[in-house]
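In case you want the letters, here they are:
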Amino acid sequence: MRSGYIAGMFDDDYDDNPFEPGAGLPPPYLAGREEEQAVLRRGLGRLLHGRAPSHDYALIGPRGNGKSALLAWFKEHILHDPGVAGRVDVVSLSADELGTKRDLYAALLPHSEWEDMHIESRVGGGVSAGALGFGAKGQVDETAVKGHLPLTDYWLREKLINRCKDDKPLVALLDEAHMLEKNVGRVLLNASQKARSAAPFMLVVAGTPGLKAHFNGLDAMFWNRLDEGEMGFGLLTESAAMDALVEPLKKQDITVDTNALSACLAETECYPYFLQALGRQLWRQHTRTDTPTLTLAGIERALPEFRRVKENYYAGRVQELVEQTLIPAAAATAQLFADRAEATGPEIDAVLRSVLPAVEVPVARHALRQFGYVWQPPDRGVHPPWVPGIPSLMTCVLTAPEAKAAAAPPPEIRAPAGPFP
Ligand SMILES: Nc1ncnc2c1ncn2[C@@H]1O[C@H](COP(=O)(O)OP(=O)(O)OP(=O)(O)O)[C@@H](O)[C@H]1O
Ligand SMILES: [Mg+2]
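Residues numbered from 1 in each chain as written. Chains lettered and ligands numbered in written order. Predicted model: local features only at pLDDT ≥ 70, side-chain atom pairs only at ≥ 80, totals over all residues.

(A) Geometry of the overall build of the protein chain. Helix and strand content of the protein chain: 16 helices and 13 strands. Sequence-distant contacts, at least 24 apart, represent 73% of the contacts inside the protein chain between residues at least 6 apart. (Helix = DSSP H or I, 4+ residues; strand = E, 2+ residues; numbered from the N terminus. Contact = placed C-beta atoms within 7 Å.)

In structure tokens form, the structure reads like this:
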């Protein structure tokens, strides 16, 4: 028999809704990323044969498109797929945990490498000694000794190679990689390149559309030669978006009729985060009415709550643009995309020049890309077009009071009234 607390929790409060709107949460059904999954599985296949892939992997796309979800899927696959489980190690990291090179070393190497390691750290000119991990992030010089061996980037590479050769192949997953500190990023990418030439090591990073520019600035070797390892994460196709909604509902014996599905696609724009948010409302709607088929009428009942979630999300994103003083640039870009789906770089620059001094244009374009407001999907050829991250965010920006204020002509300056000529 359940205890009172547990019984109460299960009966009244437990939420068995399968949809997972939010950051980094794997969805109940990972839709439309089969190609990316196959690319990662191929890399893993090489590791299982004792060889490294010939490049790193980068998942690049605007926020909310499923980069973290794919990393989570890959980790699960490595840990639990019957052909892989127990044969490959995996570490998952986020760039905000790697403030210094020492954080990186500790993340990539087993604890046994560190337990008798003593660090000689220079803090504010003085020298202190302690075990690894002591000392505030970013405040210390990264000089360490094990016996009399200095802790160097070379040391990391050798240890990484030994780990992958002598123990098990290693996959390192790094999320939010566009935030990686420059000196840490340089060491990581160079260590990956060296390790791959000698041992089964695989690096998968995920970041927003400014990631490549960020990494290009690190002087890391070979970063531009990613081949199939560079994967763009845009909106889902319509058929994948339908699967994202229909498959989890199907498991609960709920079907959705065709008209209702079309309405769902129009509302969500095939944006993965919105699909989860709408799915959650549809589920709630179903549990209230308990009908086996969701019709257009059922969807319409779920829409007000979903639209509220969407509006809150947009309000947050517009606020970020306001804080970064990007509203004039974002509004001008939105005008450009009002009647088209794509634009060239020079076209974007031309509209930005209409609202900004010429010297500020490259910075604004970079910032809008970093934000995921517009971006260039890497799988769209040598000169990929610029496309919106989420088209309807642009409509929202145009109606924001800040955009209207930016577009309004400056107040007329009247000559003071009085006896002056
Ligand atoms: N392929 C997919 N099918 C269905 N839902 C998905 C898919 N990918 C992601 N989602 C859902 O979309 C939402 C956003 O996904 P996720 O957090 O992975 O995006 P992200 O690209 O990592 O965003 P950010 O840049 O903000 O970290 C989550 O609720 C996730 O469950
Ligand atoms: Mg993420």
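(B) Inspection of helix H8 (residues 238-250) at higher detail. End to end, H8 covers 18 Å across 13 residues, agreeing with the expected 18 Å (1.5 Å per residue, within 8%). At Ala244, H8 shows its largest bend, some 25°, and a proline, Pro248, comes one to four positions later. Buried within H8 are the following residues: Ala241, Met242, Ala244, Leu245, Pro248 and Leu249. Residues of H8 that are buried make contact with strand E10 (255-256), helix H9 (258-268) and helix H10 (272-289). (Expected span 1.5 Å × (residues − 1). Bend = angle between axes of the 7 residues up to and from the residue. Buried ≥ 20, exposed ≤ 12 C-beta atoms within 10 Å, placed from the backbone.)

(C) Fine view of the site of ligand 1. Taken together, 27 residues lie around ligand 1, and Pro27, Arg63, Gly66, Ser68 and Pro272 are the ones closest in. Secondary structure elements with two or more residues in the shell around ligand 1: helix H3 (67-80) and H10. Counting residues per element, the shell around ligand 1 draws most heavily on H10, at four residues. In this structure, the shell around ligand 1 is formed jointly by two domains, domain 1 (4-19 + 236-320) and domain 2 (34-232), each of which donates at least three residues. (Near = placed C-beta within 6 Å. Domains from an automatic or database assignment.)

(D) Local environment of the sheet that holds strand E8 (residues 201-207). The sheet built from five strands is open, its strands ordered E2-E7-E8-E1-E9 with parallel pairing. Lying at the two open borders of the sheet, with one neighbouring strand each, are strand E2 (89-94) and strand E9 (230-232). On average, each strand axis in the sheet is tilted by 15° relative to the strand beside it, whichever way the strands run. Here three bridges tie strand E1 (residues 57-60) to E9, and the two strands are oriented parallel to one another. What sits directly across from Leu59, in E9, is Met231. H3 contacts E1, E2, strand E7 (170-175) and E8 of the sheet and is inclined by roughly 160° relative to E7. (Pairing = 2+ DSSP bridges. Axes fitted to C-alpha atoms, helices over the stretch in contact; angles between N-to-C directions.)

(E) The arrangement of the pairing of E1 in detail. Here E1 shows no split at all, with Tyr57 and Leu59 on one side and Ala58 and Ile60 on the other all buried. Alignment of E1 against E8, held across four bridges, turns out to be parallel. In the strand pairing of E8, Leu59 is matched with Ala206.

(F) A look at the nonpolar core. Among the nonpolar cores identified, the biggest contains 102 residues, and Val171, Ala172, Leu173, Phe201, Val204, Ala330 and Val397 are the most heavily contacted of them. Among the elements that make up this core, the one with the highest residue count is H10 (seven residues). When near neighbours in sequence (up to four residues on either side) are disregarded, Ala330 contacts Leu321, Leu368, Tyr373 and Val397. (Core = buried A, V, L, I, M, F, W, Y, C linked by C-beta atoms within 7 Å.)

(G) Representation of the environment of Leu160 in the model. Within the fold, Leu160 resides in helix H5 (residues 153-167). C-alpha separation for the pair Leu160 and Phe201, spaced 41 residues apart in sequence, amounts to 8.4 Å.

(H) Expanded view of unusual backbone geometry. With phi around 55°, Glu269 is a residue other than glycine that occupies positive phi space. Within the secondary structure, Glu269 sits in the loop between H9 and H10. Take Glu269: there are 17 C-beta atoms within 10 Å of it, and that puts it in the partly exposed class. Positive phi, normally seen in glycine, also occurs at Thr325, with a value near 50°. Relative to the elements of secondary structure, Thr325 occurs in the loop between helix H11 (296-323) and helix H12 (327-336).

(I) Seen up close, the packing of helix H13 (residues 345-353) against helix H14 (residues 361-371). Running from amino to carboxyl end, H13 crosses H14 at an angle of 115°, the nearest separation of the two axes being 10 Å. As for how H13 packs across H14, the hand of that crossing is right-handed. Residue-level contacts link Ile348, Asp349, Leu352 and Arg353 of H13 to Val361, Ala364 and Arg365 of H14. Class assignment of the residues belonging to the contact of H13 with H14 gives a composition of four nonpolar, no polar and three charged. (Left-handed = near helix turned anticlockwise from the far one by under 90°. Nonpolar A, V, L, I, M, F, W, Y, C, P; charged D, E, K, R; others polar.)

(J) Broad picture of the confidence of the model for the protein chain. Of the residues in the protein chain, 83% reach a pLDDT of 70 or more, and the chain-wide mean stands at 85. Ranking the elements of the protein chain by mean pLDDT puts strand E4 (residues 126-131) last with 42 and E7 first with 98. In this model residues 1-12 is a low-confidence stretch, pLDDT under 50, and it forms three contacts with partners more than four residues away in sequence or in other chains. Counting interchain partners and residues more than four positions distant, the pLDDT-below-50 stretch residues 118-148 has 49 contacts. (pLDDT = per-residue confidence, 0-100.)

(K) Molecular detail of the environment of Leu393. Mapped onto the elements of the fold, Leu393 is located in helix H15 (residues 391-399). Its 24 C-beta neighbours within 10 Å are what place Leu393 among the buried residues. For the pair Leu393 and Tyr373, spaced 20 residues apart in the sequence, the C-alpha separation amounts to 8.0 Å.

(L) Quick look at the environment of Tyr313. Structurally, Tyr313 can be placed in helix H11. Exposure remark for Tyr313: the 20 C-beta atoms within 10 Å place this residue in the buried category. Residues Tyr313 and Phe274, spaced 39 residues apart in sequence, show a C-alpha to C-alpha distance of 9.6 Å.

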